[in-house]
Structures are given as C-alpha cells and as structure tokens.
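So you can see what is in the structure, the chains are spelled out below.
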Amino acid sequence: MECLRKLPSLITGPYHLALEGVLVLCILWLFTAKKQPSKTIRLSLKEEEDLLREWEPEPLVPHPPPPDHPSLHPRTVYGKPSKYINIGTGQRLLNFATQNYLGLGEREEVVNEALSCLHRYGVGSCGPRGFYGTTEVHLQLEEKLAQFFNSEAAILYAYGFSTSASAIPAYAKNGDIIFADEMVNFSLQRGLQASRSKVIYFRHNDLGHLEELLEAQERQDAKDPKRANATRKFVVVEGIYMNTGRLCDLPGLVTLRQRYRLRLFLDEAVSFATLGSHCRGITDHFSVPMKEVDLLMGTLEGAGGCAGGFCVGTKFVVEHQRLSGLGYCFSASLPPMLAAASIKAVELLEREGPELVEALQRACTHTHTALTATLPDSVEVGGDEISPIKHLRLTRPCSDDEAEVILRQVVQQAQEEGVALTVAAYLRAQEREAPRPSIRVSVSAALSQEEIENAVGAISRAFQKVLG
C-alpha cells in the first residue's frame, strides 16, 4: 500500500496512462513534423488581366444619394441673412428660414466690434483652447456669460453642435442612467451615444411617462441597493425642442429632479434669448432658479447672431469640462473676432433684451395664429405659440419620402412668391427617432404684422397649388 501511495499514476488505471501517452506523442509530432508547403496556383498574364477586369470594388458610400438630391445643391446666400435674404435669383425673399430670431448678427455695433477685434487678433486662433488658442477675448466672453446667467462660471466651445455632444459624455459614463426626451436634437443624441450610459427615452414632453420610468427604476434599484447607490441618474431635455417647437415643462422636471435625486441637463439652443423677461431662456420664463439646473447648454448661433456654444453652471462643473470636454480640448477655439461680436451681442441683450423678446413673442404668436387659421386642413402647425420655431407637417397619409417631395415643392412655390422657407433636414439612418418631414418656419422679431400676413398668405397659396 505504501508503494501505491508513492506511485499515484498507477491508481488512475491503464486507460488514463494510455491517453496521456497518446497526447504526449501528438505534441511531439506537432513540434517535429515538417510543414508541407502550400501549393500555389500560378496564373498566366491573360488570366490575371481577366480577373482584374471582372473585379468591382465596393463603393465607399454604400447607398449614395441621387445626383439631383437637394442637399447636393444648396442655396447660396449673397449678403447678410437679415429680414430679407438674397439667394441670387434677382428677388429679395422674406426670410423665414434662418434662425436669426433677434437680428443681432447684422447690428452695426456687433459688426464694428468684430472688425475692431479682427485688426488686433487676426482671423482665427489656430489652436485649441489649451494649446495657445485662448485669448483674453475668450475669457471676457466666458465671464460675461456667467454674469448674464447669474452663475458661477461659463465655458466656451467653438461651435454649437460640439457643446452638448462634448458636455454630456464629460459627466455621464458607462454604468450611469440617462432619461432623455425622445425628441431631443441630433447633437444631444450624439452626446448620449458617446457617454456609453444606459439611455432610457420617455415620450415627448410626457412627464407622466417619465415618472413611470423613474418608479420602475426605483423598484429595480431596491433589488440591488449597493449598485443603485453607485449609479448616477441624469435627465436630458431642451428648453424649446428644435424638432417640435414645443416648450419643456421645466417646473415639473424640477419637481421630479428633487423627488428622485436626478441631475438635470438642459439644452437652451433655441430658448436662449427668445424666452424670459431677461432673455435667459426657459429658466427665466418659468422663474426657476439656476441652482435647479446642474448643466445648462446653449449656443450663440441662433438668437445670438454669431457663432459658438457655451455651458454655464458651478465652477466645479465648468472646470471639469476643460479637462474632459472633447470639443473644448481638441477643437480649434472660436475665432476671437466672433467672441468679441458675441460680447457685444450679450451687452445688447442686457440693454434691449426685454423689448426684443417681447417683440419676438408677438411675432411668434401672430405667425402661429395666422398659419393655423389660413393653412389647409391637410397641414398641421406644430410648436407652441410663443416658440420661434414652427413645423408645418402634412396630415394626409403618405410615406416620408412622398411627404418630403411635396414639402420641397411647397418651398419652391413659396420662393416664387417671395418667401424663403426650408425643409427640416434629418439624418434618418442615424437619428434615434427621426420626426416626420416638415417645413421649419423660423420667426424673427424684425417682422412686421403686415409682412407676417403676406408671408402666411404666400405659404397657404403654395400648399394649395401643390396639394391641389
């Protein structure tokens, strides 16, 4: 028995020893066996040429658009895109297409400020903010925006799209949960995607549905409290939704934020300088304190009449983006002359903002009422009355492609009647849920009541001619 203990391999039996021996022999053969050279098939020169003629490379773009696609033939603007716009047809068009809500871009004070800065700093910054791309004008604009919103700090981005697409993933990470409105714009969708967080969409502007989702998440968190405590929760909305023209219910969102301990991210790309008695957007409109919004994002490319995007909030929130905001760290900074122009635009908002917003909302309400009363029953007017964005959509049943063709014909017909319109563009293959095709109407405070009525009449006639 003592000998067997010293030879444990004998206890396993002869079959096990045989199997081990076969495996050892196989391993030795793999290391010692000579590899047979693979047989190469040699083609004649004629056969090679025939194969080359038959070969067709795959296209770089799998489904290229047709040559007559409207996006391949954009309208060219000559001169300033103000209340009237010139696209080279020899006719001045009443501008309902560009998002120049307050007409600040062509104000003489703004233009002169940009020219003065141009002579001092040149055309561009030629580098990101952290690599010699920061000038004192950038810092002055950030300070100005922070004062304007009564917040601790502000951060400036080179263009509007990169703002939300960079700011969201700077905070939300893998393992976090984001509740987002299903109609958020494409730049917000890109930010949500880049965050790698779990994204849960709630029905557009439906806080009841959002609360249901939050309650369901709470029940799930109760099953694993340790993991729930380590999971951060965000809610992402727009002040005025670019894709629908509707205002968000900010007071209701603040109530849910407090009840369920959410972090609120608010995009004011459209609502900045178009709402509120102080032009501060949706927070000003509903008198919601800035402390209730964890991160406020906006752009100077709409009502600001210039270029660039910004975020405002606490110093901690802003300084974190200087290290983690990809659009801030790696994109060339905003040209100094545009930053100087934006400073002057903010000063005009501080001085004339209440009157400008009041004039804009009168124009928006009048446009909404006139469109609703004048357009055919087969066309619906989307958006709130005081929103500067209106969406005209067909109510008749048809595919998106058919609707888009009809709407482009309406745009062309309205152009012949002296009104510039545009069909809202979406990357349907990449959008989370692309809205139905629409004509996006942008209202300006510079429009008089008579001009609005003339334009609405032209739009109505264009629909009647196209729809029959």
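Residues numbered from 1 in each chain as written. Predicted model: local features only at pLDDT ≥ 70, side-chain atom pairs only at ≥ 80, totals over all residues. Heavy atoms only, no water.

Some details on the sheet that holds strand β13 (residues 439-442)
Next up, step 1: Spatially, three strands are ordered β10-β11-β13 in an open sheet, and the strand pairing comes out antiparallel. Of all strands in the sheet, those with a lone pairing partner are β10 (379-382) and β13, marking the two edges. Adjacent strand axes in the sheet meet at a mean angle of 25° when their direction is disregarded.
Next up, step 2: Sheet strands touched by helix α18 (residues 449-467): β10, β11 (389-394) and β13. Its angle to β11, the strand with the most contacts, is close to 20°. (Pairing = 2+ DSSP bridges. Helix = DSSP H or I, 4+ residues; strand = E, 2+ residues; numbered from the N terminus. Axes fitted to C-alpha atoms, helices over the stretch in contact; angles between N-to-C directions. Contact = heavy atoms within 4.5 Å.)

Let's talk about the environment of S333
Next up, step 1: Relative to the assigned elements, S333 resides in the loop between α15 (326-330) and α16 (336-374).
Next up, step 2: The spacing of S333 and Y84 is 249 residues in sequence and 31 Å in space, taken between C-alpha atoms.
Next up, step 3: The contact partners of S333, leaving out residues within four places of it in the chain, are S125, G127, P128, R129, G133, H138 and A158.
Next up, step 4: At 2.6 Å, the side chain of S333 forms a polar contact with the side chain of S125. (Polar contact = N/O pair within 3.5 Å; in protein donor to acceptor, adjacent residues only side chain to side chain.)

Regarding helix α8 (residues 160-171)
Next up, step 1: Of all twelve residues that make up α8, eleven are buried, and the element is covered over most of its length.
Next up, step 2: Within α8 the residues assigned to the buried category are G160, S162, T163, S164, A165, S166, A167, I168, P169, A170 and Y171. (Buried < 20%, exposed > 50% of the residue type's maximum accessible area, 1.4 Å probe, protein only.)

What about the pairing of β11?
Next up, step 1: The buried count for β11 comes to six of six residues, which makes it a mostly enclosed element.
Next up, step 2: The alternating pattern of β11 places I389, H391 and R393 on one face and K390, L392 and L394 on the opposite face, and all of these are buried.
Next up, step 3: Two strands pair when backbone bridges link them, and β10 and β11 are joined in this way by four bridges, in the antiparallel orientation. Note that in β11 the partner of V379 across the bridge is L394.
Next up, step 4: Between β10 and β11, which pair antiparallel one after the other, the connecting turn spans six residues, and G383 there sits at a positive phi close to 115°.
Next up, step 5: Where β11 lies against β13, four bridges are found, and the strand directions are antiparallel. Residue I389 lies in a different strand from β13, and its bridge partner there is S442.

Looking at the packing of α16 against α18
Next up, step 1: Two elements in contact, α16 and α18, have axes separated by 10 Å at closest approach and are oriented at 30°. Judged on the interaxial angle alone, α18 and α16 are roughly parallel. α18 is crossed by α16, and the crossing has right-handed handedness. Contacts between α16 and α18 involve A363, H366, T367, A370, L371 and T374 from the first element and Q449, I452, E453, V456, I459 and S460 from the second.
Next up, step 2: Tallied by class, the residues present in the contact of α16 with α18 amount to six nonpolar, five polar and one charged. (Parallel < 35°, antiparallel > 145°, perpendicular 65-115°, else oblique. Left-handed = near helix turned anticlockwise from the far one by under 90°. Nonpolar A, V, L, I, M, F, W, Y, C, P; charged D, E, K, R; others polar.)

Focus: the pairing of strand β3 (residues 153-157)
Next up, step 1: Buried residues dominate β3, accounting for five of its five residues.
Next up, step 2: Along β3, one buried face is formed by A153, I155 and Y157 and the opposite face, lined by A154 and L156, is buried too.
Next up, step 3: Alignment of β3 against strand β9 (residues 309-313), held across five bridges, turns out to be antiparallel. Residue pairing in the sheet places A154 in a bridge with V312 of β9.

Re the pattern of salt bridges
Next up, step 1: In this structure the tally under the stated criterion is 26 salt bridges.
Next up, step 2: For E352, the salt bridge is made with R107, and the minimal N-O distance between the two is 3.0 Å. Here E352, found in helix α16, pairs with R107, found in the loop between β2 (92-95) and α5 (108-121); they are 245 residues apart in sequence, far enough to count as distant.
Next up, step 3: On the accessibility criterion, E352 (23% relative accessible area) is partly exposed. (Salt bridge = Lys/Arg side-chain N within 4 Å of Asp/Glu carboxyl O.)

Re empty space enclosed by the protein
Next up, step 1: Summed over all chains, the structure comprises two cavities of 30 Å³ or more.
Next up, step 2: Each pocket or cavity is described by its volume, and for the largest cavity that value is around 60 Å³.
Next up, step 3: Those elements that provide at least two residues to the lining of the largest cavity are β3 and α15.
Next up, step 4: In this structure, the second largest cavity encloses a volume near 50 Å³.
Next up, step 5: Here the residues of the lining of the second largest cavity sort into one nonpolar, six polar and one charged. (1 Å grid on protein atoms, 1.4 Å probe; cavity = no way out; pocket = protein on both sides within 12 Å on 5 of 7 lines; lining within 4 Å. Points joined across faces, edges and corners; volume = space filled by probe spheres on them.)

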